[in-house]
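A closer look at the structure
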Amino acid sequence: MSKEGIQALLEKALKDRGFRKQLFVDPEAAMEKSGFDLTEEEKEMVKNIEPEKMEAFAGELDQRLSKSAVPITIGQFLRGSAPVTEISAEEEEEEEIEESEETEEEEEEEVEETEEEEEAEEVEEAEEEEEEEEEEEEEEEEFAEEEEEGEKK
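Scoring rules and cut-offs
Residues numbered from 1 in each chain as written. Predicted model: local features only at pLDDT ≥ 70, side-chain atom pairs only at ≥ 80, totals over all residues. Heavy atoms only, no water. Salt bridge = Lys/Arg side-chain N within 4 Å of Asp/Glu carboxyl O. Helix = DSSP H or I, 4+ residues; strand = E, 2+ residues; numbered from the N terminus. Expected span 1.5 Å × (residues − 1). Buried < 20%, exposed > 50% of the residue type's maximum accessible area, 1.4 Å probe, protein only. Arc of directions from axis to C-beta.

Under the counting rule described, the total for this entry stands at 7 salt bridges. A salt bridge links arginine 17 to glutamate 99, with the shortest nitrogen-to-oxygen separation between them at 3.0 Å. With arginine 17 in helix H2 (residues 17–25) and glutamate 99 in helix H7 (residues 89–152), this pair connects stretches of sequence that are 82 residues apart. In this structure, a network of salt bridges that share partners links the residues Arg17, Glu99 and Glu102.

A few words on helix H1 (residues 3–15). Compared with an ideal rise of 1.5 Å per residue, which puts 13 residues at 18 Å, H1 spans 18 Å between its outermost C-alpha atoms and is within 8% of the ideal. Considered for burial, the residues of H1 that qualify are Gly5, Ile6, Leu9, Leu10, Ala13 and Leu14. Looking straight down H1, one finds its buried side chains confined to an arc of 165 degrees; they lie on one side. Exposed side chains of H1 directed beyond 90 degrees from the buried face belong to Lys3, Glu4 and Lys15.

Spatial relationships are all this shows, so hold off on functional conclusions.
Following this line, the structure appears as structure tokens:
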């Protein structure tokens, strides 16, 4: 087992909320994109991590780091022995607002990407139609020329 690879992946997942979400939506793709060298056993271990535990651990880690306390180890997380502290309703509400804003930004980006893709498709379709029309015109001209030659003979 490559201890560094799994630690690096988990560290990225804990620090990067977008990567963490991708890891739970499509773990194979997320691990492939990440470029970390993981064994099959490590990949299975990552796939078996419960999203709720990862989110709780990430939240706990953020709180501990913001309070300059001793951080939780990855080993504690993997064994499920990391203590989870209660957060206040105000902190929870702030987290929900942040998540909501991030979700809105992601949705806006998706809409923009979709619009750009649709525009590109429309341009491509218009170009294809234009090419087809040009080809039809050329065929008609060739046919007309052939008819003229046939009439001359």
